[in-house]
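Letter by letter, the chains look like this.
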Amino acid sequence: MKSKKTLFGLIVMVAGLMASCNQDNVGATYTPTTQNISFEIEKPDQILAKGASVEIPIRVIRALSDGSYTAHYTISGNENGYFIDPNNGSITFEAGQTIFVINLTAQNMELGEEYECALNLSEEDIATADEILNNVISKTVIKVKRDYEWEACEDGYFYSESFDNEWTEKLEKAVGYNTYKMKDLFEKGVDVIVSIKDDNTIEVKSQFAWTDNTYGKISVIGNYDNKNTGFAGIYVPGEKKVRMYLNHYVPSLGFVDGSYGTFEEVLFLP
């Protein structure tokens, strides 16, 4: 019993010392002194829209809550007017409000197309950054795509020159279109989309396809004519063989400097 009491006493003493040390290390809570206007996310995930238009919530935050404050921003990359801003580049935080949601609208989108723009804080609002917090995001990039309606279809078969392998390939087909989603094609969780146009040209737009241990995300793009335009080949009706020539490349390095090469990839349709 004595040894147990001694052990218990030591535990209490150590706990007391630790508590004392913890109290000694507690500093004063930092209180911001500037508005510190910031977008919440720099690069939100791509939004998939089911229709021709979609509302996109974009959160703007500030550090202070007392008093009102009006912030300004501009939109770049919207020369074709696909994005509509109901606030016309100006938002006002009311007293007590630290979050403002801009409900940007993307409209007149075509099926399968991706649209992008960027919202940029004004220089005056960037100047409100708190140097201690150092967490301001002055630009947010918005990407939205009008997705097809997909339906399951029979499995196809895939031959890959780039991976020197072949396998049964799970497919989904866009309702009303000769567009196929190749599920988990080169990497689990990453689908690649190929379209057969009315003129039987094959299109594979630039899209993330697999991950390299050194260079990160690798994209593919149709490169039948060595112009990297998405044109991937010619489909011969009746053969059910989609022969694609795809450039595998590192997006940040470009089609040429970042290229692993252009390879023949063949999808045999069911």
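Residues numbered from 1 in each chain as written. Predicted model: local features only at pLDDT ≥ 70, side-chain atom pairs only at ≥ 80, totals over all residues. Heavy atoms only, no water.

(A) Looking closely at the overall build of the chain. The helix and strand tally for the chain stands at 2 helices and 21 strands. Put simply, the chain has 270 residues, and 34% of those count as buried. For the chain, the exposed area adds up to about 15,900 Å²; of that, 50% sits on carbon and sulfur atoms. (Helix = DSSP H or I, 4+ residues; strand = E, 2+ residues; numbered from the N terminus. Buried < 20%, exposed > 50% of the residue type's maximum accessible area, 1.4 Å probe, protein only. Areas by Shrake-Rupley, 256 points an atom, 1.4 Å probe, with all protein chains shown as cover.)

(B) Region of interest: the layout of surface pockets. For the largest pocket, the calculated volume is near 1,600 Å³. Taken together, 39 residues line the largest pocket, and the ones lying closest to its centre are Gln46, Glu114, Lys145, Ser206 and Gln207. Breaking the lining of the largest pocket down by element, the ones donating at least two residues are β8 (114-121), β9 (139-146), β14 (179-187), β15 (190-196), β17 (207-212) and β18 (216-222). At 5 residues, β15 tops the list of elements feeding residues into the lining of the largest pocket. Approximately 160 Å³ is the volume attributed to the second largest pocket. (1 Å grid on protein atoms, 1.4 Å probe; cavity = no way out; pocket = protein on both sides within 12 Å on 5 of 7 lines; lining within 4 Å. Points joined across faces, edges and corners; volume = space filled by probe spheres on them.)

(C) Representation of the sheet that holds strand β5 (residues 83-84). An order of β1-β3-β7-β5 is seen for the 4 strands of this open sheet, with the pairing classed as antiparallel. Both edges of this open sheet fall to β1 (38-39) and β5, since each of them pairs with a single strand only. Of the strand pairs in this sheet, strand β3 (residues 54-61) and strand β7 (residues 99-106) are connected by 8 bridges, and their pairing is antiparallel. Residue pairing for β7: glutamate 55 is matched across the bridge by threonine 105. (Pairing = 2+ DSSP bridges.)

(D) Local environment of unusual backbone geometry. Residues other than glycine seldom take positive phi values, yet asparagine 134 does so here, at roughly 50°. With respect to the helices, strands and loops of the structure, asparagine 134 is situated in the loop between α2 (123-126) and β9. Look at asparagine 134 and you get exposed, because its relative accessible area is 68%. With a phi angle near 50°, aspartate 164 is a residue other than glycine that sits in the positive phi range. As for its placement among the helices and strands, aspartate 164 is situated in the loop between β11 (156-160) and β12 (165-169). Residue aspartate 164 is classed as exposed on the basis of its relative accessible area of 66%.

(E) Structural view of the pattern of salt bridges. Evaluation of the coordinates by the stated rule reveals 8 salt bridges. A salt bridge links lysine 143 to glutamate 116; the shortest N-O distance between them is 4.0 Å. Linking lysine 143 in strand β9 with glutamate 116 in strand β8, this pair joins segments that are 27 residues apart in sequence. Its relative accessible area of 33% is what places lysine 143 among the partly exposed residues. (Salt bridge = Lys/Arg side-chain N within 4 Å of Asp/Glu carboxyl O.)

(F) Structural context of the packing of aromatic side chains. A full pass over the atoms with the stated rule returns 12 aromatic pairs. Plain terms: the ring middles of tyrosine 148 and tyrosine 177 are 5.4 Å apart, the flat faces sit at 65° to each other, and that makes the pair edge-to-face. Note that tyrosine 148 is positioned in the loop between β9 and β10 (150-152) and tyrosine 177 in the loop between β13 (171-174) and β14, a separation of 29 residues in sequence. Grouped by ring-pair contacts, the aromatic residues Phe158, Phe163, Trp167, Phe186, Trp210 and Tyr260 constitute a single cluster. (Phe/Tyr/Trp six-rings, centres within 6.5 Å; stacked < 30°, edge-to-face > 60°.)

(G) How the structure looks around the environment of glutamate 55. By secondary structure assignment, the location of glutamate 55 is in strand β3. For the pair glutamate 55 and phenylalanine 83, spaced 28 residues apart in the sequence, the C-alpha separation amounts to 9.6 Å. With near-sequence residues (within four places) excluded, glutamate 55 lies in contact with Asn103, Leu104 and Thr105. (Contact = heavy atoms within 4.5 Å.)

(H) Structural context of the sheet that holds β12. The strand order across the open sheet built from 6 strands is β12-β11-β21-β20-β18-β17, with neighbouring strands paired in antiparallel fashion. Of all the strands in the sheet, the pair left with one neighbour each is β12 and β17. Taken pair by pair, the neighbouring strands of this sheet meet at an average axis angle of 30°, ignoring direction. (Axes fitted to C-alpha atoms, helices over the stretch in contact; angles between N-to-C directions.)

(I) Main features of the side chain of glutamine 207. The residue glutamine 207 is located in strand β17 in this model. For glutamine 207, a relative accessible area of 16% puts it in the buried group. A polar atom in the side chain of glutamine 207 sits 2.8 Å from the backbone nitrogen of isoleucine 193. For glutamine 207, the side chain forms a polar contact with the main-chain oxygen of lysine 205, separated by 2.9 Å. Those residues in contact with glutamine 207 that sit more than four places away from it in its chain are Asp191, Val192, Ile193, Ile218, Ser219 and Val220. (Polar contact = N/O pair within 3.5 Å; in protein donor to acceptor, adjacent residues only side chain to side chain.)

These values are about where atoms sit, not about what they do.
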